[in-house]
Amino acid sequence: MTATLSEKDLEAHFEHTISKDQRIEPRDWVPEGYRKTMIRMIAQHAHSEIIGMQPEGNWITRAPSLRRKAILLAKVQDEAGHGLYLYSATETLGADRGDLTERLVTGRQKYSSIFNYPTLTFADVGVIGWLVDGAAICNQVPLCRSSYGPYARAMIRICKEESFHQRQGFELLMTMMKGTRAQREMVQEAVNRWWWPSLMMFGPPDGDSPNTAQSMAWRIKRHTNDELRQRFVDMSVPQAEILGVTFPDPELKWNAERGHYDFGAVDWDEFKQVVSGNGPCNAERVEHRRQAHEDGAWVREAAAAHARKTQEVAA
Ligand code: FAQ
């Protein structure tokens, strides 16, 4: 005879697992709010990786050497891989990948604000690696300890690959900074454009972040948006000094009392505009994704037909 656990028992077990810092696995009962939060966050992350292939993908055919092209191709391919692990993680929570893509292309699910800015020069490839992947690592390393097992495990490999991405960006910029004056100016101009949007990647300030408190309580998030943003600023300033570039923020300065860098106010109106679909490249990014999905319909149909045929033969 098997005893059926009441919802109260299941909830107590869930809370106990979280309080002991153990992992929630797909077989476990979770409150509906936890499931919804995890699907939202992982789907947004997956969409970001897939949409995030576009700004750099734009430079694959125009990379200045075979070496740079091979590196960039590998990086963009890694991003596709990250998107796929993450979509698989949402499936363990009962989400359907086709439905998530539909939500993305119809604007019902978000992706990171950062990928709505254009890549105007090849220096942008380096700056994305250095600052955007740098911010992604800062945000994602703590997520390796996130309470949802499949997400936390996916994050370990993703972070390793993001570290390679960041180093390639820094190395590219270092090479340009040792080049001609025009190259150095190109790097500085790209840094000026990407610095503030990189700070926005961490999400709204804690006081305006509706999800942080609950996600911290469920140990999905381990730090608040503002804590991680500060960590990113603190780690980026010495790197900028090594590179020989400056950040476009006159208020950026070391605060010995706090033991952190102070920095100027982020333009949260710009962030809201970009997140609500009015950034410089939102329409282009989503349309490109929609078209790619439509162009791939025959592949999905062929794969489904092959799977059906294989099953029939086996039966
Ligand atoms: N952009 O209450 P919070 C990458 C939304 S991967 C757009 O603070 P939360 C790799 C948020 O979803 C980059 N939307 O939310 C790469 C929420 O939406 P709702 C992506 C944003 O979840 C590198 C609302 O605003 N990384 O870069 C943004 O507690 C290079 C309220 O916000 C991840 O997704 C934003 N920046 O904290 C690829 C990491 N920020 O409720 C290619 C995992 C917030 O209205 C090239 N995610 N929102 O539906 C997280 O850590 C969290 O979800 C945060 C937001 C920190 C992003």
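Nothing here was measured: the structure is a model prediction, and the numbers come from that model. (Residues numbered from 1 in each chain as written. Predicted model: local features only at pLDDT ≥ 70, side-chain atom pairs only at ≥ 80, totals over all residues. Heavy atoms only, no water.)

A. The arrangement of the site of the ligand in detail. Taken together, 35 residues lie around the ligand, and Gln44, Lys110, Ser209, Lys221 and Asn225 are the ones closest in. Residue Arg40 places a side-chain N or O atom 3.0 Å away from an oxygen atom belonging to the ligand. The separation between an oxygen atom of the ligand and a polar side-chain atom of Asn211 is 2.9 Å. Burial of the ligand by the protein chains amounts to 91% of its free accessible area of 1100 Å². Mapped by element, the contributors of at least two residues to the shell around the ligand are helix H2 (32-51), helix H4 (66-91), helix H6 (123-140), helix H7 (149-177) and helix H11 (268-278). (Near = heavy atom within 4 Å. Polar contact = N/O pair within 3.5 Å; in protein donor to acceptor, adjacent residues only side chain to side chain. Areas by Shrake-Rupley, 256 points an atom, 1.4 Å probe, with all protein chains shown as cover. Helix = DSSP H or I, 4+ residues; strand = E, 2+ residues; numbered from the N terminus.)

B. Expanded view of the state of the cysteines. For the structure on display, the rule yields zero disulfides. Distance from the sulfur of Cys159, which forms no disulfide, to the nearest cysteine sulfur (Cys144) is 4.0 Å. (Disulfide = S-S within 2.5 Å.)

C. Representation of the nonpolar core within the structure. Counting residues in each nonpolar core, the largest one holds 50 residues, and the members touching the most others are Trp130, Val187, Trp194, Trp195, Phe232, Val245 and Phe247. Of all the secondary structure elements, the ones that give two or more residues to this core are H4, helix H5 (97-105), H6, H7, helix H8 (181-200), helix H10 (225-243) and H11. It is H6 that contributes the most residues to this core, nine residues altogether. The next biggest cluster of nonpolar side chains, apart from the first, holds 28 residues, and it includes Tyr87, Ile158, Trp218 and Ile220. (Core = buried A, V, L, I, M, F, W, Y, C linked by side-chain atoms within 4.5 Å. Buried < 20%, exposed > 50% of the residue type's maximum accessible area, 1.4 Å probe, protein only.)

D. Up close: the packing of aromatic side chains. As enumerated under the stated definition, the model contains 13 aromatic pairs in all. Where Trp254 meets Tyr261, the ring centres are 5.0 Å apart and the plane angle is 70 degrees; that geometry is what we call edge-to-face. Accessibility expressed as a relative area gives 45% for Trp254, which makes it partly exposed. Tyr261 gets classed as buried once you look at its relative accessible area, which sits at 16%. Between Trp268 and Phe271, the ring centres sit 5.3 Å apart and the planes meet at 85 degrees, which makes this aromatic pair edge-to-face. Pair noted here: Trp268 and Phe271 are both in helix H11, with a separation of three residues, about one helical turn. Assessed through its relative accessible area of 13%, Phe271 is described here as buried. Across from the ring centre of Trp59, 4.0 Å away, lies the NZ or CZ of Arg62, which sits over that ring. (Phe/Tyr/Trp six-rings, centres within 6.5 Å; stacked < 30°, edge-to-face > 60°. Lys NZ or Arg CZ within 6 Å of the ring centre and 35° of its normal.)

E. Just the environment of Val76, in detail. Tracing the sequence through the fold places Val76 in helix H4. Separated by 219 residues in sequence, Val76 and Asp295 have C-alpha atoms that sit 19 Å apart.

F. Fine view of H5. Considered for burial, the residues of H5 that qualify are Leu100, Thr101, Leu104 and Val105. What you see down the axis of H5 is that its buried residues fit within an arc of 130 degrees, all on one side. Here the buried face of H5 lies against H2, H4 and helix H12 (282-295). Among the residues of H5, the N-terminal cap falls to Asp96, whose side-chain oxygen and the backbone nitrogen of Gly98 are separated by 3.2 Å. (Arc of directions from axis to C-beta. Contact = heavy atoms within 4.5 Å.)

G. Examining the side chain of Glu162 more closely. Mapped onto the fold, Glu162 is located in helix H7. Here Glu162 is buried and forms no salt bridge, its nearest opposite-charge partner Lys75 lying at an N-O distance of 5.7 Å. Side chain to side chain, Glu162 and His165 meet in a polar contact 3.1 Å long. Excluding residues within four positions of it along the chain, Glu162 makes contact with Glu49, His82, Asp133, Ala136, Ile137 and Gln140. (Lys, Arg positive; Asp, Glu negative; His and termini not counted. Salt bridge = Lys/Arg side-chain N within 4 Å of Asp/Glu carboxyl O.)

H. Main features of the packing of H12 against helix H13 (residues 297-314). Put simply, H12 and H13 touch, their axes get as near as 4 Å, and they point 40 degrees apart. In this structure, H12 contributes His293, Glu294 and Asp295 to the contact, and H13 contributes Ala297, Trp298 and Arg300. Partitioned by chemical class, the residues of the contact of H12 with H13 number two nonpolar, one polar and three charged. (Axes fitted to C-alpha atoms, helices over the stretch in contact; angles between N-to-C directions. Nonpolar A, V, L, I, M, F, W, Y, C, P; charged D, E, K, R; others polar.)

Any link to function would need more than the numbers given here.
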